[in-house]
Every structure is written in structure tokens, then in C-alpha cells.
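An overview of the molecular structure
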Amino acid sequence: MTSQAVASLQSEVTKLRHELQTLKVDGESPISEETMFVGQYLVERLVQLGVTKMFGVPGDFNLGFLDFVEDHPKIDWVGDCNELNAAYAADGYARANKGVLGVVTTTFGVGELSAMNGIAGAFAEHVPVLHLVGVPSTAQQKARPMLHHTLGDGRFDAYYKASQQFTISETALNSKDTAAAEIDRILTKCLVQARPVYLMLPTDIAYERIPAKRLKTPLNVDPPENDPDVEKFVLDETVKLVNEASSNVIILVDACAIRHGVRDEVKELCDRTGFPVYAAPMGKTAVNESYERYGGIYVGSVSNPEVKEKVESAKLILSIGALKSDYNTGEFSYHIPMQRTVELHSDHTRVRFAGFPGIGMKRLLPKLTSRLERFKQGAQKLAVPKFQLPVPDEKSENITHSWLWPRVGQFFKAKDIIIAETGTASFGLLDVPLPKDAMFVSQILWGSIGWTVGATLGACFGALDRQLGRTILFIGDGSAQVTVQEFSVMIHWGLKPIIFLLNNEGYTIERYIHGMDRKYNDITQWKWNHLLDTLGGEEGKTCKSYCVRSKQELSNLLDDPAFAKADVVRLVEVVMDKKDAPRALKGEAELSGKSKHHPVLEY
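Before going into details, it helps to say that this report is about the structure given with it. Note that the structure is a prediction, hence the values are computed from the model and not measured.

Per the secondary structure count, the protein includes 24 helices and 21 strands. For 603 residues, the compact-globule formula gives about 25 Å, and the C-alpha radius of gyration of the protein, at 25 Å, lands near that figure. In the protein, which comprises 603 residues, the proportion classed as buried is 59%. Looking at the protein alone, contacts between residues at least 24 apart form 77% of all its contacts between residues at least 6 apart.

Structure follows, in C-alpha cells:
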């Protein structure tokens, strides 16, 4: 049986258990006879799950539902500039807010299609997001008139079908009798599987009354239990392999260790076994980077040589939450044979060449830790390279990537959320050790340029919910031009991110992949220091803008306590050479260019 089939069965079991629990409390509940609107029920469930913000754009098919949102004291409507940015914000909110889903609400057709790129990115990168769509009434869907926002051919289900490609589950609330159960099912699936879901809410169903009694039964979003016999076999086989490796074992953490909520379990595994631990780019900060047994980032051939040697020479690799995409593996240049690997995932485990569907890492890891802690004495003898990146002594005052990233590394503090746009920023920060409890956020697999602006909005709210530190964004000028409107929403809500905008006159990552001097990699130059004022800020009061062109200017700013305290929105334009790039980006781009077989034309 495949992992997908096992997950489907486990989902049905969870649903049935919830139904039984609901029946059990029926009659016991003081609200068992009370009723509420379907729209109210949905909002109340979201609040129960810890959601404090809903992102989106109002439209005539969701306006009635939005009254329920605005009237609820524990959830805020965050109106975005467009639906794509709203989807990005919901993604960033979920990433920053441990165990909480993001919510984006759009209107039928034109709104939901605009959000779909953001939903696809959340699907690719395992982020729990609810895409809630206000749609025409059930009567209109049956009659199929030529309504606005339709394709004009009567296909009212076209967008629903499109959404199925980018969500783990979908539902259309076409009956009040099943609405509550479907809401519960879809939200549970979103959180348990850490993937987006899609919910169609017709205008009339939002205002149908249903019993409120189900709200007395909290949703169970814990992962399903592992089969005890299969789990024991997996544990026995893994312990046997560790023993055969004579404790020459390393741990390699990746994206899904973060997305599927096993950071605490991974920390306990590391602490109690002493095995050296490394991270893939998408797993950066899954483990505290100040931890003495943490050796840095492994990216295949793009890795620092010492890290590459330590990982690839290990006799056994415990891989946790791997997502082996091109940019996450140095263009698939991992040199880790399967016969030396045990892979732990959210819904299955692989021990060398054997797969075990339904054996998830959340429940497996604590038991594995208990079995492996006896190997700690031998593991402690394994040397771990010190993860550090000193600031180089460069004679030129020009701001270079080799200097910039270790220098801003000195600016970071514990609990900061550090958001890196696809390209120079995400590759530049890989080699920078981040402080304890800092969070690194990037979209390395999906890689939609401009994603970080919306994600920063969501992350700012998530940071407030969790009482984290500053939210710091690094973004290139080309990417910022795609989604820049969302800075206005941050100003409107009084959020205070620090934004480092790298002005390198275009798309540097693409120059390195192909077309270094081509015009298609150039962009129009903006007056960045006037941007926040234009977008609703008041320069010097609610926002402050800077432009730095030299190392000294940037260092003076980073060392200024007033700048560092993040009491207003701050935008720093960092002027850089358009042909300069971080070490890791150059290596990745070289491999990427070779894999794409771009010819160099000669005339």
C-alpha cells in the first residue's frame, strides 16, 4: 500500500473518531440545542485553532461572510492589495506561527485564480493554508446563468477543478446538513498533512443555521498512530544499522522537520545521542545554529568542502524531513547512497531500500531517541566543523556579497525572523550562522519572486502572536517590484519590519544562470527612498528610509541602537554591483546552467 493510500485511510479513521466523539457529547453540551450560521461556525473553528488573522480581498461573493469575520472579537480581517499577495501572507503567517494554519479568502473566479500561484507554492513547500472562496449561491450554481466572474459557458466548477491540482483536499459546502462536518474534515486534513486545502462557501449556505454542538469537540490534529509491529521493526533495523556504523552517524535535517512540527523531537535526538547534525538549505534553523554539534549546511557539491566531506563520509545518515529539490541539493549533487541512509518523513519511513508507509516521524522519533542514546559516547568522538563565517578584511569600500552576509550576521538577535528572497539573499544567508531561536524563512523549492513581501506581512503577525523578535527581510530590487504594494498594508497595521533592499539593477541569479549582459535581466530603476512615503507612510515618523553605498555607511547603520530596535518600518537600499553574487549562488547557477543546456550564441 502506498503512503498516499495509508494517509487516506488514516484520515477517514480520524474523521470517524471525531464523529463518535461529537455524538458522545451531544446532549451533554450546554450549547447542544443552540444554532449558529455556517459562516459563524467556520470562523469559530478557525479561532479555536489559534488563527488571529485572515488575509484576502473582498468581493461580492464573500462580503456576507466577511461580516462574521469583522464582528468576531478574536480574529482580524487583513485586507491585502491583491489576492496573490494575500496568499503569500497566509503562507508566511503559517510558517512563523508554529502549528497554526494560514487563511486566505478570495472571491469566485477572478480572485481565487489570482491567489493560485501562492497556494501552489504552499503545496510544494508543505505549508498549511486554507483557501476559502466565496462563490455564487447553490441555486445559481444549479441554474448556471451567465454571471460575472464566470467563463460564460456555464462551467461553475472550472475553478474548483483547477484548485484540485494544488491542494491536498477540497470541499464545496452545498448543504447545511454536512457543512460542519466538512469544515472539520478539511481543517483537520490541512493541519495534519501540512498542505493547502480549498473550501467553496456559497453565499446562501454562509447564512444557513446549523447546530453549534460540534464546537464542543476540539479537532484532533495529532498525526495518526504508527502500526506498532511495523514501527518496532523499523526501530530494530535502524538500531542495527547504527551499531554496524560504529556510531559514525550524522543527522541531516530538512524542510519537513520544520513543516511537520518535529523540531522539539529533533532537538531531543541531537542532545541525547550527540550525533553531528547538519541541515539542507530548506532545513536551516530546524536546529539551533549555535548548538555545538551543528556543523552547517549541506548542499551537495555546493557545500563548504569540510561539511561535504563529513556528511558524505559518514557510514549512516539519519535524514529527517528531506525535500530533495534541485536548489536544495546542489542540482541533485548529493553523494549519499541509499544503502547508507534512513529517511524519516511525516507519513512514511525508508530504511535503506525498504519503504514503510504510514510510519510517521512525529511518533517514531521519541522512540528512536530512546533506543539510540546509548551510542552517545562513541558519537561524541566525531569531530564537527565549527559553523562560522568571519567578516573578511576587504580593501574596497564597495559592498560585496562576500562581506555583506557575514556582516549582517552580526546584526541578528535571538528570536529574529529572517526572511530571504529567492536569489542572492537566500543563497547569501545559507552560510551565515543565525542566533539561538532565530527563524530562517525562504521559498527555495517553489521560488516565486516577490513571495517574501507578502510572506513578511504574514510573518510579522505570526511573530506578534508568538512574541518573537524582529522581522527582517532581505529582497532584491527585481523581486520587490512584483509585490511591493504590500508594504502599504504593513504601514497601515503599524507593523515594523526591517527591509534590506539589494539594488543590483535586476535579476542577478538569472544573470548567472544565463544572459549575464542581456537586457531581459535588467529592470527599471525606482526611487526606493520615496517608496514608503508614497505607500502611506510618513517619513521620519511611521517609516524611515536609507541608502547605503559603502561598507562604512552600512556598518554605521547596523551598529546604531536606534536603528536596531525596529520601532518603525525601515527600508535600507543597499547598492551593489549587479555582477556580484554569493559563493553558493555562483556554484548553484553554474550547475543549473549546465543542466539546462543553455547555448551561448555567437554571431
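On to the pairing of strand β6 (residues 169-172), then. Here β6 pairs with strand β7 (residues 197-202) via four bridges, running parallel. Paired with Glu 170 across the bridge in β7 is Tyr 198. The parallel pair β6 and β7, bridged by helix α8 (residues 176-193), forms a crossover whose chirality is right-handed.

Core analysis: the largest hydrophobic core is formed by 85 residues, its most contacted members being Phe 65, Leu 101 and Phe 487. Once you skip the residues sitting within four places of it in the chain, Phe 65 turns out to touch Gly 39, Leu 42, Val 43, Met 54, Thr 105, Leu 132, Leu 201 and Tyr 207. Met 282, Ile 297, Ala 379 and Phe 427 belong to the second-largest nonpolar core, a separate cluster that totals 55 residues.

In total, this model carries three cavities of 30 Å³ or more according to the counting rule given. When its volume is computed, the largest cavity comes out at roughly 60 Å³. Considering the residues around the largest cavity, the lining is formed by Pro 281, Tyr 327, Thr 422, Gly 423, Ser 426, Phe 427, Leu 430 and Ile 444. In terms of residue class, the lining of the largest cavity is made up of five nonpolar, three polar and no charged.

At their nearest, the axes of helix α4 (residues 83-96) and helix α5 (residues 110-124) sit 7 Å apart, and the two run at 30 degrees to each other. Here α5 runs roughly parallel to α4, going by the angle between their axes. For the crossing formed where α4 meets α5, the hand is right-handed. Listed contacts from α5 to Glu 83, Leu 84, Ala 87, Tyr 88 and Asp 91 of α4 are Gly 111, Ser 114, Ala 115, Asn 117, Gly 118, Ile 119, Gly 121 and Ala 122. Looking at the contact of α4 with α5 residue by residue, the class counts come to six nonpolar, five polar and two charged.

The rules behind these values
Residues numbered from 1 in each chain as written. Predicted model: local features only at pLDDT ≥ 70, side-chain atom pairs only at ≥ 80, totals over all residues. Heavy atoms only, no water. Helix = DSSP H or I, 4+ residues; strand = E, 2+ residues; numbered from the N terminus. Rg over C-alpha atoms; globule rule 2.2 N^0.38 Å. Buried < 20%, exposed > 50% of the residue type's maximum accessible area, 1.4 Å probe, protein only. Contact = heavy atoms within 4.5 Å. Pairing = 2+ DSSP bridges. Right-handed = clockwise from strand over helix to strand, strands pointing away. Core = buried A, V, L, I, M, F, W, Y, C linked by side-chain atoms within 4.5 Å. 1 Å grid on protein atoms, 1.4 Å probe; cavity = no way out; pocket = protein on both sides within 12 Å on 5 of 7 lines; lining within 4 Å. Points joined across faces, edges and corners; volume = space filled by probe spheres on them. Nonpolar A, V, L, I, M, F, W, Y, C, P; charged D, E, K, R; others polar. Axes fitted to C-alpha atoms, helices over the stretch in contact; angles between N-to-C directions. Parallel < 35°, antiparallel > 145°, perpendicular 65-115°, else oblique. Left-handed = near helix turned anticlockwise from the far one by under 90°.

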